[in-house]
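Topology and contacts: notes
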Amino acid sequence: MENGAGTEVSSDLKKWTTQEADSIYGHSRWGEGFFDINDKGHLVVLPNKNSKDIQIDVYEVIEEMKAQKLAFPAVIRFHDILRSQVKNLNRAFREVIEEAEYEGRYIGVYPIKVNQLREVVEEVVDAGSPYDFGLEAGSKPELLAVMALNTNHQALTILNGYKDEDYMRLALLGRQLDRSMIVVIEKTSELHTLLRLSKEMGVRPLIGIRGKMSIKGFGKWENSSGDRAKFGLTMAEIINVVNTLKAEGLGDCLKLFHFHIGSQISNIRAVKDAVNEGVRIYSELYKMGIPFEYFDVGGGLGVDYDGSNSTSISSKNYSMTEYASDIVYGVKQVCDLAGVPHPNIVSESGRAITAHHSCVITNVIGKIDPANVAFSTRKVTGEHVLVANMRDLDEYLSEKNMQEVWNDASKLKDDCLNAFQLGVLSLEERAKVETLYWQIAKKIYLLAKDKEQIPEIFSSLFDLISSQYLCNFSVFQSAADSWAIRQLLPVMPVHRLDEKPLSSSALADITCDSDGKIDQFIGADGICKTIPLHDLKDGEDYYLGIFMTGAYQDVMGDMHNLFGRLNEVHVFADDDDPTDFYIEETIRGSSSRQVLSTMQYNPDFMAATVKRSIDGQVKRGKVTPRQGVKLVDFYEECLDSYTYLSMQYNRQNP
Ligand SMILES: *Cc1c(COP(=O)(O)O)cnc(C)c1O
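Residues numbered from 1 in each chain as written. Predicted model: local features only at pLDDT ≥ 70, side-chain atom pairs only at ≥ 80, totals over all residues. Heavy atoms only, no water.

A closer look at the overall build of the protein chain
Looking only at helices and strands, one finds 23 helices and 23 strands in the protein chain. Along the first, second and third principal axes, the C-alpha set of the protein chain runs to 100 × 70 × 60 Å. Excluding contacts between residues fewer than 6 apart, the proportion of contacts in the protein chain whose partners are at least 24 apart in sequence is 75%. For the protein chain, the exposed area adds up to about 28300 Å²; of that, 50% sits on carbon and sulfur atoms. (Helix = DSSP H or I, 4+ residues; strand = E, 2+ residues; numbered from the N terminus. Contact = heavy atoms within 4.5 Å. Areas by Shrake-Rupley, 256 points an atom, 1.4 Å probe, with all protein chains shown as cover.)

Quick look at the pattern of salt bridges
Per the stated rule, a full pass over the model turns up 39 salt bridges. Of the charged contacts, one joins Arg210 and Glu186 as a salt bridge, the two residues approaching to 3.4 Å between their closest N and O atoms. Of the two residues, Arg210 sits in strand S9 (residues 206–210) while Glu186 sits in the loop between strand S8 (180–185) and helix H8 (188–201), which places them 24 residues apart along the sequence. The class of Arg210 is buried, set by a relative accessible area of 5%. Across the pair Glu568 and Arg565 runs a salt bridge, and its minimum N-O distance is 3.8 Å. (Salt bridge = Lys/Arg side-chain N within 4 Å of Asp/Glu carboxyl O. Buried < 20%, exposed > 50% of the residue type's maximum accessible area, 1.4 Å probe, protein only.)

Some words on the confidence of the model for the protein chain
For the protein chain, per-residue confidence averages 91 on the pLDDT scale, and 95% of positions sit at 70 or higher. Here residues 1–11 scores under 50 on pLDDT; set against residues more than four positions off or in separate chains, the count is 36 contacts. Contacts for the low-pLDDT stretch residues 650–654, under 50 throughout, to residues beyond four places or in other chains number 8 contacts. (pLDDT = per-residue confidence, 0-100.)

Regarding the sheet that holds strand S11 (residues 294–296)
Read across the open sheet, the 8 strands follow the order S5-S6-S7-S8-S9-S10-S11-S12; overall the sheet is parallel. Of all the strands in the sheet, the pair left with one neighbour each is strand S5 (109–111) and strand S12 (344–346). Each neighbouring strand pair of the sheet contributes to a mean axis angle of 25°, computed without reference to strand direction. For strand S10 (residues 254–258) and S11, the ladder comprises 3 bridges, and the chain directions are parallel. Bridging across to S11, Leu256 finds its partner in Tyr294. (Pairing = 2+ DSSP bridges. Axes fitted to C-alpha atoms, helices over the stretch in contact; angles between N-to-C directions.)

Points about the packing of helix H15 (residues 427–448) against helix H16 (residues 457–465)
Running from amino to carboxyl end, H15 crosses H16 at an angle of 120°, the nearest separation of the two axes being 10 Å. On the basis of their axis angle, the class for H15 and H16 is oblique. Between H15 and H16 lies a crossing of left-handed hand. Where H15 approaches H16, its residues Tyr437, Trp438, Ala441, Lys442, Ile444, Tyr445 and Ala448 are matched on the opposing element by Phe458, Leu461, Phe462, Leu464 and Ile465. Residue composition of the contact of H15 with H16, grouped by class: 11 nonpolar, no polar and 1 charged. (Parallel < 35°, antiparallel > 145°, perpendicular 65-115°, else oblique. Left-handed = near helix turned anticlockwise from the far one by under 90°. Nonpolar A, V, L, I, M, F, W, Y, C, P; charged D, E, K, R; others polar.)

Side note on the pairing of strand S21 (residues 543–546)
The two faces of S21 match: Tyr543 and Gly545 on one face and Leu544 and Ile546 on the other face are all buried. Sheet topology places strand S13 (residues 358–368) next to S21; 4 bridges connect them, and they run antiparallel. Note on S21: the bridge partner recorded for Ile361 is Gly545. The sheet contact formed by strand S15 (residues 491–493) and S21 spans 3 bridges and is antiparallel. Of the residues in S21, the one forming a bridge with Val491 is Ile546.

Laid out in C-alpha cells, this is it:
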C-alpha cells in the first residue's frame, strides 16, 4: 500500500512533477485525452482531445464563478467534450464501415435518460446533425422532450420502455409529422394496443422488437438480459408478433430489431457474443419475410472510470473503435453467410457520450481526524493501571516490536472501553487511553510506511488513522452510483498539482448519513480507500473535482437531506479569449424554498408562522423591535439561499 495514511508524512515540500500527479490521480488513464496539468499546477481541459492548442484552466473557471458570486459545490459542464464525444462515436463507426465495405450505415441515437438536461440534449443533437444522430426515449415525459428536440427527419427517434396508450398516440402523432419514430415492442400486449390505435388514427406505425437475449452483459447490469430479464420478447413471442403483423398486412412496418444487454459492458466478449446472437435472430427473421432496415445494439458502450483498461465494473477492456469494429464485422459476417442485406446499425450509447463532459467541484470545509486531537496524557498520582499500561506500550514501541505492540494496544483499548462501561475507568482516563492509542498508531505508521514489505495487519491501521476531508457536497445528489453500486468515480484536486500531497484521506460529505462518503479511489497500483491530498491552508480554499459525472450521476440525484440541485456553469472553448474559454450559461442550484416546496411545504406560510413567534417575543419585551425585524429578514433570506454550506474553509479556521 503505497499511498498510506498519516499526517506529517514528510516535511520537505518538494516540487512535484505532473507525471507524479498523474501516476496517483490517473487523469491520463481515465480522461480520454481531455485532461492535463499546466505549469501552474492546475488541471486543464483540452477540448480538442490530446491537443494542447486550447486549454481551459479549471481553476480559472472556478475564479470566474466566484467573481460571479456562484457558490460551491457546483457542476461544470464542458460542452466541447460532449460535442467531441458525439463526433468520435459517429466517426469511429463510419471509419470501420468504410474499411469493412459494409453496405449499411451507422445511424445512432442518444438515450436521453442518461442525462436529460435540455442543454445537454440540444448539444448532442446539434453536434450529431451532420451524422443524422437521433434520440431515444424510455418514458412518456422523455418522449415529450424528444419530440420537441429531434426535428431532423433523417434522424431516428426510438421509443423504448413500457408504454401506455398516450405514449403510443404520441408516437403515431410523430409519424403524422413525418418523423422516423420507431415504437419498440417490449411485450406482446403493447403490439395489440399499437395496432388498435394505429387503425383508430389511420397511421401506419414504424415498429421495432426487442429480443430477450440469452447473453448477459457481465457486470452490474447483466440482468438487463437473460431468461429473467424484465424487457424483451422470447423467440416464441417474436415469431408470434411477426405472424400477427403479417396477418394484419403490416409486416413491412417492422423495421428494427433491438436488444440491450446492459450498461457499462466491461468485457468486449459480451458485445461480440450479443451481436452474434442478435444478428442470427435478425437474419432468420429477414428470411421469414420481414424487411428489417435497422439492427439496434442498444447501449452498453463502457467508459474507463478507474483507468485500468480492465474488466472491473468501473472499467472496460476495449476502445470505441474496437467496439464499432466488433459490431460492424460481426454483423457483416453473419449476414454474408446467410445471404441477407447488411442492415443499418443503430447504437443507443449514452454513457460513453456524456460521462466525461461534466464534473462536480466541491470545496473542502474541514478535516475529521480522530488521531490528531491535542490532549495531555501526563501521568497523575493514583491513575488507573490500564492507563499506565497504555503509556508503557507507547514508550516500549520500537521498529522491532511494532506488531506485538499494535496487537497489545488494540486489545488494551477494548479492555479500557469495557472498564469504562463498568464504571471502573473515568471519562478523563478513557480520553487519555484513546489519545495514547492514536499516538502509538501514528508512530507505527511512520515506522512501517516506507518498508518494502508491510505486514498485513498494518493495512487496516493505515486506513484507521487516515483523516477524512469534509467536503461541501452530497454523495446522494452528485455521485449516486458511488454510493449505490460502489462504482468508482475519479477524484482529484484541481490545483496545487505541482505540490506533493503530504497525507491521504477519504472524503465525507455534508449529509447526516454515515455512508455519505467516498472511500474508493484510483491508486497508483489498484483501488485505495484513501487518496493523497494537500494540507489545508489558512485563508485558502481547497477544491476537489469529482469527475465523469455526466452520465446518470447528474440526473439521478435525490432530495436526501433536502440539498437539491447544484449551481451549474456551461463552459465553451474560445481560442480568441485570453483564458481560452467563456461561461455561456449559469444555472442556479436549488434554494431551500424550492426544495421545501417540492416536499409540500409552503415557505410563505412557514415564514409567517416564524414571524408571528418573533412578534410575540417583541410584545413580551424579550426581543427589541429592531432585532425582531432583523430576525424575520434573516429567516426569509435563508429560505431564498443556496441549500449547501456557505461556509468556506478559511472562515472556519480560527
Ligand atoms: C439505459 C439504456 C441505454 C443507455 O445505455 P448506455 O450504457 O448508457 O449507453 C440504451 N438503451 C436502453 C434500452 C437502455 O435502457
